[in-house]
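# Close look at the chain arrangement
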Amino acid sequence: MKVPVSIPFVSNDDKKIVNKALDKSAISGVYGNFISDFENNFANYIGVKYAVTCSNGTTAIHLALAASGIKKGDEVLVSTLTNMATFFAVIYLGAIPIPIDVEYDTMNINSDLLVSKITSKTKAILVVHLFGHPVDMDPIKTIAKKYNLLVFEDCAEAHGAEYKNKKVGSLADVGCFSFFSNKIITSGEGGMITTNNMKIARLAHKLKNLSFGKKNRFMHDDIGFNYRMTNLQAALGLSQLNNIGFYIQRRKDIASLYMKNLIDLSEFIDFPIEKKWAKSVTWMYLIKLKGPLANKRKFITDYLSENGIETRNNFIPFNAQKIFIKDGLVKLNECPVANKLANSSFYLPTFVEINEKQILYVTKKLKEIIKKIITN
Ligand SMILES: *Cc1c(COP(=O)(O)O)cnc(C)c1O
């Protein structure tokens with residue numbers, strides 16, 4: 001049996017809508033109603049006034065920071081354990097990302113570590129709702145208020161997750177989403193920023209479209225980007241948004257099934273948790289090896305791979321990226337919790353169409369190899 005780690009799901013409804021865009025030749029990022037429809041519906045779903053589409057999650061973060069006035073030399077406190085796109089976006093602006101270690105259980109930014117990293121150059125905190133569990137935002141916002149910092153949310157893995165009954169992406173100054181093919185909903189490639197700040201929304205709208213002049217189109221107001229989402233992508237994203245409840249539930253059911261089948265290994269594995277103030281979503285089902293398994297990840301994932309099961313390791317944090325260590329920007333050991341997670345956790349196949357038989361096969365093979373290790 002072959003079980004890939006992720007397969008994008010495209011429904012017949014999705015295909016119909018995309019074909020509508022094709023039939024009208026509304027294929028670029030300038031013409032077609034699906035772009036504004038997707039923005040309006042997404043803003044409505046998240047519970048914010050404004051949403052602006054863009055080309056992907058990385059450009060969403062870049063755009064959010066740029067439209068909020070983050071600039072060269074500014075320091076931004078960033079959760080170290082994330083897709084490196086989060087950090088790259090800060091670096092694109094010439095700003096300086098400062099890695100902050102995470103909590104072991106949620107894998108999100110540890111707000112206790114923030115204050116000691118604040119300097120006169122600090123302008124913002126960029127949190128990541130990693131693997132679908134929301135960040136505990138109240139302490140972050142208290143600190144931001146006290147030190148006059150902006151707060152950005154990277155929501156690329158957490159569409160629909162809630163913190164104290166409010167959706168992520170509505171909890172801070174700007175939220176940033178990705179619609180890459182393995183995310184909770186997809187437009188193939190795609191991104192969105194969400195905000196209640198009209199100035200930021202307007203500027204983001206302008207910046208993502210080359211900052212054409214208002215009176216004289218080719219007399220540009222700014223150094224803009226072409227970060228436009230196409231109407232074709234927006235059609236797919238809009239259609240997927242119409243079914244987001246189903247996709248979230250499906251991933252939740254997959255997580256429950258994994259959990260149910262693996263729970264007797266809780267001596268050796270830590271499973272995803274949900275804080276009492278949180279409604280998390282499952283992006284990918286990630287497990288943390290511990291005790292005698294803590295340094296056996298390669299052995300385990302190799303065995304799964306030999307049996308046709310694809311897995312993926314957790315991210316490598318910013319502080320452990322060789323290109324930045326070499327530049328003297330970070331020290332490997334400055335974020336020990338993130339390092340521990342990065343070395344001991346990985347995720348199992350998680351996608352809409354995975355079936356119960358495949359999940360049982362994955363858990364059976366996982367149990368086989370774990371038994372081998374612990375009885376040796
Ligand atoms: C996927 C992801 C991104 C980048 O999104 P792209 O659409 O791939 O550019 C950024 N941050 C996190 C946490 C992600 O998972």
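The following paragraphs examine the structure supplied in this document. (Residues numbered from 1 in each chain as written. Predicted model: local features only at pLDDT ≥ 70, side-chain atom pairs only at ≥ 80, totals over all residues. Heavy atoms only, no water.)

## A short note on the overall build of the chain
The helix and strand tally for the chain stands at 12 helices and 14 strands. Taken over the C-alpha trace, the chain has a radius of gyration of 21 Å; the compact-globule value for 376 residues is 21 Å, and the two agree within 12%. Oriented by its inertia axes, the alpha-carbon framework of the chain measures out at about 75 × 55 × 40 Å. By residue count, 56% of the 376 residues in the chain fall in the buried class. Restricting the contact set of the chain to residue pairs at least 6 apart, pairs at least 24 apart contribute 70%. Carbon and sulfur atoms make up 53% of the accessible area of the chain, which totals about 16900 Å². The chain carries 49 positive and 34 negative side-chain charges, and their two centres are separated by 2 Å. (Helix = DSSP H or I, 4+ residues; strand = E, 2+ residues; numbered from the N terminus. Rg over C-alpha atoms; globule rule 2.2 N^0.38 Å. Buried < 20%, exposed > 50% of the residue type's maximum accessible area, 1.4 Å probe, protein only. Contact = heavy atoms within 4.5 Å. Areas by Shrake-Rupley, 256 points an atom, 1.4 Å probe, with all protein chains shown as cover. Lys, Arg positive; Asp, Glu negative; His and termini not counted. Charge placed at Lys NZ, Arg CZ, Asp CG, Glu CD.)

## A word on the nonpolar core
Note that soluble globular proteins tend to have their nonpolar side chains buried in a common cluster. Membership of the largest hydrophobic core comes to 65 residues, with the highest contact counts inside it found for F38, F42, L81, I125 and F131. Mapped by element, the contributors of at least two residues to this core are α1 (12-23), α2 (34-46), β3 (96-100), β4 (122-128), α5 (137-147), α7 (231-242), α8 (244-262) and α11 (336-344). Looking at this core, the element that brings in the most residues is α2, giving 6 residues. Non-local contacts of F42, meaning those with residues more than four positions away in its chain, are made with F177, F179, I185, M192, T194 and L241. Residues I70, M84, F152 and C176 belong to the second largest nonpolar core, which totals 33 residues. (Core = buried A, V, L, I, M, F, W, Y, C linked by side-chain atoms within 4.5 Å.)

## A few points about the site of the ligand
Around the ligand there are 14 residues in total, and T58, D154, E157, S178 and K183 lie nearest to it. Within the backbone of G57, an N or O atom sits 2.8 Å from an oxygen atom of the ligand. The separation between a nitrogen atom of the ligand and a polar side-chain atom of D154 is 2.7 Å. A total of 380 Å² of accessible area belongs to the ligand in isolation, and the protein chains cover 91% of it. (Near = heavy atom within 4 Å. Polar contact = N/O pair within 3.5 Å; in protein donor to acceptor, adjacent residues only side chain to side chain.)

## Structural notes on the side chain of E75
Tracing the backbone shows E75 in strand β2 (residues 75-79). With no salt bridge to any partner, buried E75 finds its closest opposite charge in K121, at an N-O distance of 4.6 Å. A polar contact of 2.9 Å, which involves the side chain of E75, links it to the side chain of T119. Those residues in contact with E75 that lie beyond four places of it in its chain are I96, I98, T119, K121, T122, K123 and A124. (Salt bridge = Lys/Arg side-chain N within 4 Å of Asp/Glu carboxyl O.)

## Considering a nonpolar patch on the surface
A grouping of F88, I91, Y92 and I323 is seen on the molecular surface, where their side chains present a nonpolar patch of about 350 Å² in accessible area. Per-element accounting of the nonpolar patch gives the leading share, 3 residues, to helix α4 (residues 85-92). Its location among the elements puts I91 in helix α4. The class of I91 is partly exposed, set by a relative accessible area of 30%. (Patch = residues over 30% accessible without salt bridge, like charges linked within 9 Å, V, L, I, M, F, W, Y side chains within 5 Å.)

## Thoughts on unusual backbone geometry
A positive phi is found at S25, a non-glycine position, where the angle reads about 55°. Relative to the helices and strands, S25 is located in the loop between α1 and α2.

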